[in-house]
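Remarks on the overall topology
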Amino acid sequence: MEQFEGQFVIEYFKQVRGELTTRVQIHTNLVLQKVATCGAALGFMFNQKIVDSESLVPPDIQLLGFALIPIIAMGYDVLIARNINSLHRLGTFIRNELEPLVPSMRSNLWETKYGQPDTSKPKNHGAAEINFLSLFTLATEITATAIFLHKQPSYLVIIVVLFLLHIFVFLYMKHQILQFDTFK
C-alpha cells in the first residue's frame, strides 16, 4: 500500500508540474498574441488608403476599429492575469501539499525556496509585468485618443470610457497577480 501511495504522489506531482509548464507556455503565447494582434490591427487601420476618392474602410468604422483595439488589449490583459494567477496557485499547491511529502529535501525544493516562498510575494510574476502590460494597453488608448481628438472631438465619451475601463482592468490585474489565494 505504501508503494502505491508513493507512485500516486509522484504521478500527481508530474501532472501538476506539467500543468504549470503548460501555463508558462500559454503565458508567453498570450503576451505575443496581444502584441501581434494589436500591432496588426493598428497597422491595418493606419494603412487605409483612398481609392477613387473613397476610403477602403468608412471613417466611422475606422474610428470604431481604433476604439476596439484598446478593448482587445484589455481582454488579453485579463486573460494573462488569470493565467498568472493559476501559475501562482499551482506553485503554492506544490509548495504546501506536495513538497512537504519529501521532508528531507523540503528546504531545497523549487517552490519552497524560489518559486512561491512563504516569506515574500511570488518571485515569478509581479508589478513589473503588470506595468509592462498596462503601458502597452495605455499606448493603444493614447493612439485611439489622438485619432478621436483629431477626427471626431465629439467622441470624448468613448475616450473617457476607455480610460475608466483601463483603470478597472489594471486593478483586476493587480489583484489577480499580487493578491492571489495562498490556501492557508
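Cut-offs used in this document
- Residues numbered from 1 in each chain as written.
- Predicted model: local features only at pLDDT ≥ 70, side-chain atom pairs only at ≥ 80, totals over all residues.
- Heavy atoms only, no water.
- pLDDT = per-residue confidence, 0-100.
- Helix = DSSP H or I, 4+ residues; strand = E, 2+ residues; numbered from the N terminus.
- Salt bridge = Lys/Arg side-chain N within 4 Å of Asp/Glu carboxyl O.
- Buried < 20%, exposed > 50% of the residue type's maximum accessible area, 1.4 Å probe, protein only.
- Axes fitted to C-alpha atoms, helices over the stretch in contact; angles between N-to-C directions.
- Parallel < 35°, antiparallel > 145°, perpendicular 65-115°, else oblique.
- Contact = heavy atoms within 4.5 Å.
- Nonpolar A, V, L, I, M, F, W, Y, C, P; charged D, E, K, R; others polar.
- Expected span 1.5 Å × (residues − 1).
- Core = buried A, V, L, I, M, F, W, Y, C linked by side-chain atoms within 4.5 Å.
- Phe/Tyr/Trp six-rings, centres within 6.5 Å; stacked < 30°, edge-to-face > 60°.
- Patch = residues over 30% accessible without salt bridge, like charges linked within 9 Å, V, L, I, M, F, W, Y side chains within 5 Å.
- Areas by Shrake-Rupley, 256 points an atom, 1.4 Å probe, with all protein chains shown as cover.

1. Comments concerning the confidence of the model for the chain
Confidence in the prediction of the chain, expressed as mean pLDDT, is 81, and 80% of residues score 70 or more. The lowest-confidence element of the chain is strand β1 (residues 50-51), averaging 56 in pLDDT; the highest-confidence one is helix α5 (residues 156-178), averaging 89.

2. Brief notes about the pattern of salt bridges
Inspection of the entire model under this criterion finds three salt bridges. Between E11 and K14 there is a salt bridge whose closest N-O contact spans 3.6 Å. A residue pair is termed a helical-turn pair when its members lie 3 or 4 positions apart in one helix, as E11 and K14 do in helix α1 (residues 2-46) at three residues. According to the relative accessible area criterion, E11 is partly exposed, its value standing at 42%. Residue K34 pairs with D77 through a salt bridge whose shortest N-O separation is 2.4 Å. Placement of the pair is K34 in helix α1 and D77 in helix α2 (residues 59-98), with a sequence separation of 43 residues. For the pair K34 and D77, a shared accessibility class is recorded, and that class is buried.

3. Topic: the packing of α2 against α5
Across the interface, α2 lies against α5 with an axial gap of 9 Å and an inter-helix angle of 10°. On the basis of the axis angle, α2 is roughly parallel to α5. Residues A67, P70, I71, M74, D77, V78, A81, R82, I84, N85 and H88 of α2 pack against I158, L162, L165, H166, V169, Y172, M173, Q176 and I177 of α5. Taken together, the residues of the contact of α2 with α5 break down into 14 nonpolar, four polar and two charged.

4. A few points about helix α4 (residues 127-151)
Helix length check: α4, at 25 residues, gives a terminal C-alpha distance of 36 Å against a target of 36 Å (1.5 Å per residue), a fit within 8%. Those residues of α4 lying buried are E129, I130, L133, S134, T137, T140, E141, A144, T145, I147 and F148. If you follow the buried residues of α4, they end up packed against α1, α2 and α5.

5. Focus on the nonpolar core
Residues F66, I80, F148, M173 and I177 are the most contacted members of the largest nonpolar core, which totals 26 residues. For this core, the secondary structure elements donating two or more residues are α1, α2, α4 and α5. In terms of residue count, the dominant contributor to this core is α2 (ten residues). Within the second largest apolar cluster, six residues are counted, among which are L20, L87, L90 and I94.

6. Things to note about the environment of I84
For I84, the position within the fold is in helix α2. Expressed as a C-alpha distance, the spacing of I84 and V24, which sit 60 residues apart in the sequence, is 8.3 Å.

7. Thoughts on the packing of aromatic side chains
By the definition in use, this model includes three aromatic pairs. Where F8 meets Y12, the ring centres are 5.7 Å apart and the plane angle is 25°; that geometry is what we call stacked. Residue F8 and its partner Y12 are located together in helix α1, separated by four residues, close to a single helical turn. When its relative accessible area of 48% is taken as the criterion, F8 is described as partly exposed. Ring pairs connect the aromatic residues F8, Y12 and F93, which therefore count as one cluster.

8. A word on a nonpolar patch on the surface
A grouping of I61, L64, L68, I71, I72, L165 and F168 is seen on the molecular surface, where their side chains present a nonpolar patch of about 610 Å² in accessible area. Taken together, the elements giving at least two residues each to the nonpolar patch come down to α2 and α5. By residue number, the principal contributor to the nonpolar patch is α2, which donates five residues. Mapped onto the elements of the fold, F168 is located in helix α5. Judged by its relative accessible area of 55%, F168 falls in the exposed class.

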